[in-house]
Amino acid sequence: MKTEQVDVLVIGAGPAGTVAASIIHQAGYKVKIVEKMKFPRFVIGESLLPRSMDALNEAGFIDAIKAKGFQEKFGAKFVKGEALCDFTFKEQYTPGWTWTWQVTRADFDKTLADTVESMGVPVAYETTVTDIRFNGSDSVTTVEDKDGNKSTIEARFIVDGSGYGRVIPRLFNLEKNSNLQPRKALFAHAVDTRRSMADEPNRITAVVHKKGVWIWIIPFSTGVTSLGFVGDPEFFAQYPGTDEEVYRALLEAEPYTRERFRDVELVFEPRVLQSWSATTDKFYGDGFVLTGNVTEFLDPIFSSGVTLACVSSQTAAKLVIKKLRGEEVDWEKEYMEPTLQGVNTFRSYVMAWYEGTLDTIFFKKDADPVIKGQICSVLAGYVWDMSNPFVKNHDTALKRLARTIELTEKLKSSSEIE
């Protein structure tokens, strides 16, 4: 059996894997990526956040992405009936990038993988990890290509950025259920001929269809728009018919999408993604680190997936470099804790979204610009800025603010009656 030796084996050629591979490669180490799929391949997670730009920039990917002409994104808009809340990233509290992109992930991920390959990092596509054996931090990984040929890769360290594949958690029984409620998404790409150019296409729009059910609208620079419904599986069960019949019935049922997307041409038949939330107890071990969706994927709302993937890989890569240099690494303090800080902050916002807490905050008239800017920073992905009270106190600040708003409006209504 053929054996190859590298410093670092990276599992997965998505944003998590390529960001880590690039940063480690730039430090002078021999890196190899193995990827189960053939690229380009479809995946959701099409709206990025500004915080991801730091990692993409350090990985050396910005110029290659710019050259693809993806749709620039400057904010996020939330709609509920006639109410509207518009966040513009330039108003965010935390200094940093104030724009990013909305991308077709097949093209975006292929761009990152091609770029890292052009730097000198080999990418083995259609290659599946079948076994990993650790000897301390050293490892021997058995892989199998599409033709059934097996080989081994000896590595000093492994970065698992395999996304939904969750290679190491599955091989070593590290998986556990997320505390988020299982949900379902029904989505497609539509030829968006009735798109308004007044506030489109430079932001994502999230429409509250009813409590616990929402719609994402992500315009691309090609004139195509990604459009998806998210809710409890029981919600979709009330609509009979094929996935496309259900999808078109939902478009017709929502006033915001009815006229714009009536009889719209679909690029592909609607697809279903269900029960996506999963996590693991440990994001690292002797000889490996988990990055991106392998750690935990939360929910499509707030577009946290690619940002957590890029930032966790950016952090992990620097720690792997320290480890290879013989320096001490406190993985709990330097990786697990900050990664959980980001994940848990987004988790609080995801839960507040589905509970309706954020409806109270987002759709309040005459919102406090300071508070709005602080919340805008979270929506931009700056979930590690502990000077922001809506990051530091993410688990309590939103509920406290919503209660204050509700009480103030109640008192105002009482005074008007009197």
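Residues numbered from 1 in each chain as written. Predicted model: local features only at pLDDT ≥ 70, side-chain atom pairs only at ≥ 80, totals over all residues. Heavy atoms only, no water.

### Some points on the pairing of strand β15 (residues 224–231)
A large share of β15 lies buried, amounting to eight of its eight residues. Side chains of β15 alternate between two faces, with V224, S226, G228 and V230 and T225, L227, F229 and G231 buried alike. Note that strand β12 (residues 184–191) and β15 share eight bridges and pair antiparallel. Considered in β15, the bridge of V191 is made with V224. Taken together, strand β14 (residues 213–219) and the strand that follows it, β15, pair antiparallel across an intervening segment of four residues, in which G223 is found at a positive phi of about 95°. (Buried < 20%, exposed > 50% of the residue type's maximum accessible area, 1.4 Å probe, protein only. Helix = DSSP H or I, 4+ residues; strand = E, 2+ residues; numbered from the N terminus. Pairing = 2+ DSSP bridges.)

### A word on the UniProt feature "domain: FAD-binding" (unreviewed entry) in the chain
Here, UniProt's "domain: FAD-binding" (unreviewed entry) annotation points to residues 6–164. Taken as a whole, residues 6–164 contains 24% helix and 36% strand, while its terminal C-alpha atoms sit 25 Å from one another. (UniProt positions renumbered as here; feature names shortened; annotations may be inferred.)

### Some words on the side chain of E35
Residue placement: E35 occurs in the loop between β2 (31–34) and α2 (52–58). Notably, E35 is buried but unbridged: the nearest opposite-charge side chain belongs to R41, and the N-O separation is 5.0 Å. Here A13 takes part through its backbone nitrogen, which lies 2.7 Å from a polar atom of the side chain of E35. Aside from chain neighbours lying at most four places away, what touches E35 is G12, A13, G14, A124, Y125, E126 and T127. (Lys, Arg positive; Asp, Glu negative; His and termini not counted. Salt bridge = Lys/Arg side-chain N within 4 Å of Asp/Glu carboxyl O. Polar contact = N/O pair within 3.5 Å; in protein donor to acceptor, adjacent residues only side chain to side chain. Contact = heavy atoms within 4.5 Å.)

### Overview of the pattern of salt bridges
Counting across every chain of the model gives 18 salt bridges. Where K32 meets E4, a salt bridge forms, and the shortest distance between an N and an O atom there is 3.5 Å. In this pair, K32 is assigned in strand β2 and E4 in strand β1 (residues 2–11), connecting sequence segments 28 residues apart. Assessed through its relative accessible area of 12%, K32 is described here as buried. Classification of E4 as partly exposed rests on a relative accessible area of 21%. A salt bridge links D131 to R133, with the shortest nitrogen-to-oxygen separation between them at 3.2 Å. Under the relative-accessibility criterion, D131 is labelled partly exposed at 24%. The exposure class of R133 is exposed, given its relative accessible area of 59%.

### Here we look at the packing of aromatic side chains
Inspection of the entire model under this criterion finds 25 aromatic pairs. With a centroid separation of 6.0 Å and an interplanar angle of 75°, the aromatic rings of F302 and W353 are classed as edge-to-face. You can see F302 sitting in the loop between β20 (296–297) and α9 (304–324) and its partner W353 sitting in helix α10 (residues 331–355), a full 51 residues away along the chain. Here the two residues F302 and W353 agree in accessibility, since each one is buried. An aromatic cluster is present here, built from F42, F78, F87, F187, W214, W216, F268, F302, Y349, W353 and F362 joined pairwise through their rings. Taking NZ or CZ as reference, R271 lies 4.4 Å from the ring centre of F42, over its face. Across from the ring centre of F268, 4.2 Å away, lies the NZ or CZ of R271, which sits over that ring. (Phe/Tyr/Trp six-rings, centres within 6.5 Å; stacked < 30°, edge-to-face > 60°. Lys NZ or Arg CZ within 6 Å of the ring centre and 35° of its normal.)

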